[in-house]
Amino acid sequence: MHAARLPDLRDRIPAQSLIEELMRLDSDGSVSAEAEPWYRGAVGERIVAAELGTLGNDWTVLHSVPVGTGGSDIDHLLIGPSGVYTLNTKHHRGKSVWVASHAMMVGGNRVPYLRNAAHEARRAERLLTAASGLSVDVFGLIVLVGVTRLTIKEQPDADGVDVRVVRQSDLLQALRGRRVYSDEQVRRIADAAARPETWSPRPLPATDSTVLTARFDEFERKLRARPSRDHPRMPRQTRSSGPRRPEARPARRKTAWKSPTRGPRKQSSWGSLIGSVIAIGAALALAYALSHPPSVAPSPAFATVQAERTALAHAAGTAAYVLKNHAMGGIPASLVLSADGTRLATPTGILLVTLPTKTVMSYAVGVNGHAYTLTLTGSEYGDSVVVTPEGGVVMSR
């Protein structure tokens, strides 16, 4: 009789806590507005997870680590030769971010991210030190997804905790540094971090990650199937994010024509002729319009190019994650795209990701069989996203 396998946090998928809450809110299948921030947060965490998936085997990456009894979690926890890091992912599409020693602003609004990241890192230090028997220093990283500008006026001074703010594209560079732990120390810290009891006295509920991933993919499918005006506003700023600036109205076009004077006016013969010509022309134009009805262009699935870029980046990151964790036979020599461009799978039938309609895909495997390049191109704006195991997700035009 085999002993039951102990719970291990290595089994948790990116954004698991957010996806579980999202599924609870979507239990009736309504894709409610209440679920929007949870979905946006899950997209950000999965994009960052795709970047982390390119780290080498000397790193341990844990996702959505439950901490304490209040329902909080650590988005990503990294243990490697250069240190231990808590990552807090913030998805702020199209926003500008400003950072000073004791303040951080997103879109002109002050946010408590520095204080929260310092608290998270300090708590992780205490718990990992107690569980591993080693003196563990933890660095805090705030990883920004989708921002248009990052201005660091001063490096953060977060109450003695080393906290840094980086873009998603600069994340891997921020993790490179001199070795501070031996391989044995990394293993001890990683083993302690992977035990649920290190972080919370609550038992870890059993969850089928495959089912959870499938439900999240189904939620996205329903989201994309809705008319664009009804989509959860992941590509746009939500109402709760603060007042929206009113759009500038187009200037009224000036015209040389004046309003006709009231009352009868004698019309010249030239005026009568011109009036007849105009009337005949209008009648001919109306007849042509009735016999040649205009074609109606389909409404776009994405209201902006940035919305399509975000969807493509998320899809590429998800595909990379599944290739790394579920394609057990190694990197496949080819991938299969459905006729409508919505389902990307391996030749053995493993579904990698559900794509926006009519996505174009190209896929090439390196000569050594250990690397690949996957390119996804949108059907509406022509933007492409490229993902490789080495470089992660990169946008191109």
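Each chain has its residues counted from 1, following the order in which its sequence is written. Totals for whole chains, interfaces and linings use all residues, but because this is a predicted model, local features are given only for residues with pLDDT of at least 70 and pairs of side-chain atoms are given and counted only at 80 or more. To obtain the side-chain values, all non-hydrogen atoms of the structure were used and water was disregarded.

### Points about the overall build of the chain
Only runs of H or I of at least four residues qualify as helices and only runs of E of at least two qualify as strands under DSSP, and these elements are numbered from the N terminus. Counting secondary structure elements, the chain contains eight helices and 16 strands. Here's how the labels work: a residue is buried when its accessible area is under 20% of the maximum for its type, exposed when over 50%, partly exposed in between, all with a 1.4 Å probe on protein chains only. Taken over 397 residues, the chain has a buried fraction of 42%. Nonlocal contacts in the chain, meaning residues at least 24 apart in sequence, comprise 62% of its contacts between residues at least 6 apart. Summed over all atoms, the accessible surface of the chain reaches about 22800 Å², with 54% contributed by carbon and sulfur. What makes two residues a contact is simply this: any of their non-hydrogen atoms within 4.5 Å. Note that accessible areas follow from Shrake-Rupley with a 1.4 Å probe, and for residues the cover is restricted to the protein chains shown.

### Things to note about the nonpolar core
Soluble globular proteins: nonpolar side chains tend toward being buried together. Counting residues in hydrophobic clusters, the biggest one holds 54 residues, and the most contacted among them are Leu87, Leu171, Leu175, Leu344, Leu374 and Leu376. Here the element with the most residues in this core is helix α8 (residues 305-326); it accounts for nine residues. Setting aside residues up to four positions removed in sequence, Leu344 forms contacts with Leu335, Val336, Leu337, Ile350, Leu351, Leu352, Val353, Leu355, Met361, Leu374 and Leu376. Definition of nonpolar core: a set of buried residues of the types Ala, Val, Leu, Ile, Met, Phe, Trp, Tyr and Cys, connected through side-chain atoms within 4.5 Å. Counting 37 residues, the second largest nonpolar core, distinct from the first, contains Val111, Ala117, Ala121 and Tyr181.

### Description of the sheet that holds strand β12 (residues 351-354)
Strands sit in the order β10-β11-β12 across an open sheet of three strands; the sheet is antiparallel. If you trace the sheet from one side to the other, it starts and ends with β10 (336-337) and β12, each paired once. Strand direction decides the pairing type here: strand β11 (residues 343-345) and β12, joined by three bridges, are antiparallel. Looking at β12, one finds that Ala345 is bridged to Leu351. Strands are labelled as partners when DSSP assigns at least two bridges between them.

### Section: the sheet that holds strand β2 (residues 72-80)
Strands in a sheet are paired, the pairing made by backbone hydrogen bonds, and the direction either parallel or antiparallel. Overall, mixed pairing links the five strands, which are arranged β1-β2-β3-β7-β9 in an open sheet. One side of each edge strand has no neighbouring strand; the edge strands of this open sheet are β1 (60-67) and β9 (163-167). For this sheet, the mean angle separating the axes of adjacent strands, direction not counted, is 30 degrees. Bridge count between strand β3 (residues 83-91) and strand β7 (residues 138-145): eight bridges; the pairing is parallel. Pairing of Thr86 across the sheet is with Gly140, part of β7. Where helices are involved, their axes are fitted lines through C-alpha atoms of the stretch in contact, as for all axes, and angles between N-to-C directions lie from 0 to 180°.

### Re the confidence of the model for the chain
Looking at the chain, pLDDT values average 78 and 77% of them are 70 or higher. Across residues 229-274, confidence stays below pLDDT 50; counting only partners more than four residues off in sequence or on other chains, it has 30 contacts. Confidence scores labelled pLDDT are given residue by residue by the predictor and lie between 0 and 100. This model gives residues 277-299 a pLDDT under 50, and the stretch forms zero contacts once residues within four places in sequence are excluded.

### Let's talk about the pattern of salt bridges
Here the idea is simple: oppositely charged side chains can pair when their charged atoms come close. One speaks of a salt bridge when a side-chain nitrogen belonging to Lys or Arg is within 4 Å of a carboxyl oxygen belonging to Asp or Glu. All chains considered together, the criterion is met by 10 salt bridges. Between Arg179 and Asp183 there is a salt bridge, and its shortest N-O distance comes to 3.2 Å. Its relative accessible area of 56% is what places Asp183 among the exposed residues. Between Glu218 and Arg221 there is a salt bridge, with its nearest N and O atoms 2.6 Å apart. On the criterion of helical spacing, the pair formed by Glu218 and Arg221 is a turn pair, its members being three residues apart in helix α6 (residues 209-225). Residue classification places Glu218 among the partly exposed positions, given a relative accessible area of 35%. We classify Arg221 as partly exposed; its relative accessible area is 42%.

### A look at the environment of Gly378
Following the sequence through the fold, Gly378 ends up in the loop between β14 (372-377) and β15 (384-388). Between the C-alpha atoms of Gly378 and Pro356, which are 22 residues apart in sequence, the distance is 7.6 Å.

### Overview of helix α1 (residues 16-25)
Where burial is concerned, most of α1 is hidden: seven out of the 10 residues are buried. Where α1 is concerned, the buried positions are Gln16, Leu18, Ile19, Glu21, Leu22, Met23 and Leu25. Buried-residue contacts for α1 involve α2 (36-52), β1 and α6.

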